[in-house]
There are 2 protein chains.
Amino acid sequence: MVEHSRSRPDALINLDRSVCYNRGMVAKLEKKPSPRQRLLAAADELFYNEGIHAVGIDRVIERAGVARGSLYYNFSGKDDLIKEYLLGRHASWTGRVDEQVAKANGPAEKILAVFDALGALFVEPSYRGCAFVNAIAEAPVDGPEIRAAAHFRSWLHELFGNLTAELPVHNPQELADQLVILYDGAVAGAQMDNSPKTAATAKTVASIIIGASLGRDLPELERLQLTAD
Amino acid sequence: MVEHSRSRPDALINLDRSVCYNRGMVAKLEKKPSPRQRLLAAADELFYNEGIHAVGIDRVIERAGVARGSLYYNFSGKDDLIKEYLLGRHASWTGRVDEQVAKANGPAEKILAVFDALGALFVEPSYRGCAFVNAIAEAPVDGPEIRAAAHFRSWLHELFGNLTAELPVHNPQELADQLVILYDGAVAGAQMDNSPKTAATAKTVASIIIGASLGRDLPELERLQLTAD
DNA sequence: ACTGATTTAGACTGACTTGTCTAAACACAG
DNA sequence: CTGTGTTTAGACAAGTCAGTCTAAATCAGT
């Protein structure tokens with residue numbers, strides 16, 4: 001029985017790390033990625049753009065330029081590939097958000113920075129909605145999408161939960177729930193209406209409810225409300 | 001042939017085609033629905049619960065208790081069935097929202113009534129997210145889902161656009177955009193987190209931003225903000 | 001150069017997909 | 001009753017699906 005994909009060094013998202021220049025040709029820095037990496041890249045593109053169910057294995061291996069056997073050597077099957085695809089989306093997006101949040105100063109600004117990250121995402125021409133929302137929409141009840149989506153949602157709630165905990169508000173958890181709704185609404189609206197401006201609109205509402213939660217007596221939030229209008 | 005698909009729970013469960021104690025005689029009340037109606041009911045249930053792509057027409061005709069040929073006699077193909085399925089979802093939901101809104105008194109209350117309708121929807125055990133968001137997630141670029149979803153989004157924007165136009169606010173269109181985001185966020189969050197309370201949370205935020213748009217000087221909205229906290 | 005791990009190309013299975021077609025039965029109106 | 005429109009059961013085509021398997025080639029480490 002051919003054994004499956006155990007966690008190998010290039011398994012995760014660091015796609016650029018194993019660019020080994022040890023392959024005879026010294027001048028060529030750009031070595032072709034491993035079949036596993038090419039499969040993940042092809043799956044990411046195809047699954048996200050056309051839907052998981054609509055893309056067959058043959059399309060993935062063709063796009064990756066990889067033999068059929070390599071897929072089943074590196075992954076246990078399509079479900080495994082789906083799982084890794086969603087794990088990659090999770091890691092990629094959380095990294096971008098964390099980076100954007102880290103650059104902001106102050107708890108309220110860090111919250112608003114999340115919506116800036118959304119705005120940068122929405123303007124990308126490849127944007128086609130939240131990969132996890134889309135995956136859940138077509139997922140079977142026992143599919144690998146369920147776990148991955150639950151993992152992602154935990155991250156999202158913890159993100160706003162941690163950020164609102166830094167604010168001197170009466171009920172930070174309630175504020176976090178409200179911000180999650182704004183996040184989800186911006187994500188869904190940007191896809192359904194093909195309008196990236198939902199990020200800015202959600203950010204405006206976010207500044208309003210942050211101000212409302214703070215009782216509107218903090219000068220920094222007063223300014224936020226003004227600039228939002 | 002003109003019958004449009006109202007999502008009717010009656011034809012969903014009883015598929016027995018041999019309950020013909022009413023053959024040609026009286027008892028027109030309990031007459032079996034037409035094959036077309038049974039096909040639409042079966043498609044509505046299966047497409048919504050398991051995804052359009054994941055459900056084959058064999059599953060639909062089996063659930064409807066209808067011969068294969070009847071499907072292609074009443075519909076031009078699966079795409080036609082998908083189109084009618086989404087048209088039915090559109091009509092059913094807009095009817096429910098209009099009803100709920102009509103019962104409310106006052107422009108602000110009518111807006112908040114939309115979120116009450118969402119709350120009633122989310123607590124239904126069959127709720128599995130917005131049929132149009134789910135359909136778009138797995139739709140091919142030339143699929144019938146695109147048109148249907150665009151039609152639905154137009155309705156949604158007009159709904160809040162018309163409601164906010166009744167309010168004495170400075171920028172009703174901006175408020176409408178914000179309310180759409182709250183609507184979308186409640187819908188997405190209720191599905192992804194399996195928590196119907198997103199409707200109440202979104203309603204709270206809606207009352208806040210309505211109050212903010214009104215300048216917080218209307219007594220009715222002051223009360224809304226208080227009860228929301 | 002030897003060895004084991006990995007990749008390749010392709011045949012192949014069995015199940016599933018949408019859609020067409022046939023032949024017969026049924027429904028109902030004139 | 002007859003004729004037209006509708007439904008039924010099932011076979012059938014042509015394609016796609018995920019997954020297995022073989023046999024040879026190529027890789028990397030020693």
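As a reminder, the structure under discussion sits directly above these lines.
Residues numbered from 1 in each chain as written. Chains lettered and ligands numbered in written order. Predicted model: local features only at pLDDT ≥ 70, side-chain atom pairs only at ≥ 80, totals over all residues. Heavy atoms only, no water.

Draft legend 1. Region of interest: empty space enclosed by the protein. Applying the stated rule across the entire model yields six cavities of 30 Å³ or more. Residue lining of the largest cavity: A:Cys130, A:Val133, A:Phe152, A:Arg153, A:Tyr183, A:Asp184, A:Val187, A:Ala188, A:Gln191 and B:Ala188, and that is the complete set. Listed by contribution, the elements that provide at least two residues to the lining of the largest cavity are helix H7 (144–165) and helix H8 (172–192) of chain A. Ranked by the residues each element gives to the lining of the largest cavity, the list is headed by H8(A), at five residues. (1 Å grid on protein atoms, 1.4 Å probe; cavity = no way out; pocket = protein on both sides within 12 Å on 5 of 7 lines; lining within 4 Å. Points joined across faces, edges and corners; volume = space filled by probe spheres on them. Helix = DSSP H or I, 4+ residues; strand = E, 2+ residues; numbered from the N terminus.)

Draft legend 2. Spotlight on the packing of helix H5 (residues 107–122) of chain A against helix H9 (residues 198–213) of chain A. All names here are of chain A. It is at 8 Å that the axes of H5 and H9 come closest, and there the two elements cross at 170 degrees. As the angle between them shows, H5 and H9 are arranged roughly antiparallel. Where H5 approaches H9, its residues Ala 108, Ile 111, Leu 112, Phe 115, Asp 116, Leu 118, Gly 119 and Phe 122 are matched on the opposing element by Thr 198, Ala 199, Ala 202, Lys 203, Ala 206, Ser 207 and Ile 210. (Axes fitted to C-alpha atoms, helices over the stretch in contact; angles between N-to-C directions. Parallel < 35°, antiparallel > 145°, perpendicular 65-115°, else oblique. Contact = heavy atoms within 4.5 Å.)

Draft legend 3. Layout of the protein's contact with DNA strand C. Near DNA strand C, the surroundings consist of 19 residues, among which A:Ser70, A:Tyr73, B:Ile57, B:Arg68 and B:Lys78 are the closest. The sugar-phosphate portion of DNA strand C accounts for 63% of its atoms within 4 Å of the protein, the bases making up the rest. B:Arg68 has a polar side-chain atom sitting 2.6 Å from a base nitrogen of DNA strand C. The contact in question runs from a phosphate oxygen of DNA strand C to an N or O atom on the backbone of B:Lys78, over 2.9 Å. For the surface near DNA strand C, the secondary-structure elements that each account for two or more residues are helix H1 (35–50) and helix H3 (68–74) of chain A together with helix H3 (57–64) and helix H4 (68–74) of chain B. (Near = heavy atom within 4 Å. Polar contact = N/O pair within 3.5 Å; in protein donor to acceptor, adjacent residues only side chain to side chain.)

Draft legend 4. How the structure looks around the relation of the copies chain B and chain A. Mapping chain B onto chain A calls for a screw motion: a turn of 180 degrees about the axis and a shift of 0.0 Å along it, with 0.1 Å RMSD after fitting. Here the transformation between the copies is reduced to the relation of a two-fold axis. The rotation axis passes nearest to the C-alpha of B:Gly185 in chain B, at a distance of 1.7 Å. (Least-squares fit on C-alpha atoms with pLDDT ≥ 70 in both.)

Draft legend 5. Up close: the packing of aromatic side chains. Residue and element names in this part refer to chain A. The full count for this structure, using the stated rule, is twelve aromatic pairs over all chains. Each ring, one from Phe 152 and one from Trp 155, has its centre 5.5 Å from the other, and the planes form 35 degrees; the classification is tilted. Here Phe 152 pairs with Trp 155, and both are found in helix H7, just three residues apart, close to one helical turn. Note on Phe 152: relative accessible area 2%, which makes it buried. Residue classification places Trp 155 among the buried positions, given a relative accessible area of 14%. Each ring, one from Phe 160 and one from Tyr 183, has its centre 6.3 Å from the other, and the planes form 75 degrees; the classification is edge-to-face. One end of the pair, Phe 160, is in helix H7; the other, Tyr 183, is in helix H8, with 23 residues separating them in the sequence. For Phe 160, a relative accessible area of 0% translates into the label buried. Three or more aromatic residues link up through ring pairs in this structure, and these residues are Phe 115, Phe 160 and Tyr 183. Of note, Arg 89 hangs over the ring of Tyr 48, and the distance from its end group to the ring centre comes to 3.9 Å. (Phe/Tyr/Trp six-rings, centres within 6.5 Å; stacked < 30°, edge-to-face > 60°. Buried < 20%, exposed > 50% of the residue type's maximum accessible area, 1.4 Å probe, protein only. Lys NZ or Arg CZ within 6 Å of the ring centre and 35° of its normal.)

Draft legend 6. Seen up close, the interface of chain B and chain A. On the chain A side, the residues contacting the 40 residues of chain B number 39 residues. The contact between chain B and chain A buries some 3100 Å² in all, and 64% of this surface belongs to carbon and sulfur atoms. Considering only the surface of chain B that becomes buried against chain A, B:Ala137, B:Ile181 and B:Met192 emerge as the three largest contributors, covering 20% of it. Our count for the contact surface shared by chain B and chain A stands at four salt bridges. If you list the elements that add at least two residues to the side of chain B that touches chain A, you get helix H7 (131–137), helix H8 (144–165), helix H9 (172–192), helix H10 (198–213) and helix H11 (219–228) of chain B. The residue makeup of the side of chain B that touches chain A, split by class, is 18 nonpolar, twelve polar and ten charged. (Buried area = accessible area lost by both parts, 1.4 Å probe. Salt bridge = Lys/Arg side-chain N within 4 Å of Asp/Glu carboxyl O. Nonpolar A, V, L, I, M, F, W, Y, C, P; charged D, E, K, R; others polar.)

Draft legend 7. Seen up close, the protein's contact with DNA strand D. Taken together, 18 residues form the shell around DNA strand D, and within it A:Ile57, A:Arg68, A:Lys78, B:Ser70 and B:Tyr73 come nearest. Here DNA strand D approaches the protein such that, of its atoms within 4 Å, sugar and phosphate make up 67%. One of the side-chain N or O atoms of A:Tyr72 is found 3.4 Å from a phosphate oxygen in DNA strand D. Between DNA strand D and A:Lys78 there is a distance of 2.8 Å, counted from a phosphate oxygen to a side-chain nitrogen or oxygen. For the surface near DNA strand D, the secondary structure elements donating two or more residues are H3 of chain A together with helix H2 (35–50) and H4 of chain B. Looking at side-chain class alone, the surface near DNA strand D contains seven nonpolar, five polar and six charged residues.

Draft legend 8. Just the nonpolar core, in detail. Core analysis: the biggest nonpolar cluster contains 136 residues, and A:Tyr183 and B:Tyr183 have the highest contact counts within it. B:Tyr183 has contacts with B:Trp93, B:Val114, B:Phe115, B:Leu118, B:Phe152, B:Trp155, B:Leu156 and B:Phe160, leaving out every residue within four places of it along the chain. (Core = buried A, V, L, I, M, F, W, Y, C linked by side-chain atoms within 4.5 Å.)

Draft legend 9. Quick peek at H3(B). All names here are of chain B. Taken together, the buried positions of H3 are Ile 57, Val 60, Ile 61 and Ala 64. Down the axis of H3, the sector holding all buried residues measures 90 degrees, keeping them to one side. As for H3, its buried residues are in contact with H2, H4 and helix H5 (78–103). Backbone geometry just downstream of H3 places Gly 65 in the positive-phi region, at approximately 65 degrees. (Arc of directions from axis to C-beta.)

Draft legend 10. Examining H5(A) more closely. The end-to-end C-alpha distance of H5(A), which contains 16 residues, comes to 24 Å, matching closely the 22 Å that a straight helix rising 1.5 Å per residue would cover. For H5(A), the complete set of buried residues consists of A:Ala108, A:Ile111, A:Leu112, A:Ala113, A:Val114, A:Phe115, A:Ala117, A:Leu118, A:Gly119, A:Leu121 and A:Phe122. (Expected span 1.5 Å × (residues − 1).)

Draft legend 11. Focus on the side chain of B:Arg153. Position of B:Arg153 relative to the elements: it lies in helix H8. Classification of B:Arg153 by relative accessible area gives buried; the value is 4%. Within the structure, the side chain of B:Arg153 is placed 2.8 Å from the side chain of A:Asp193, a separation counted as a polar contact.

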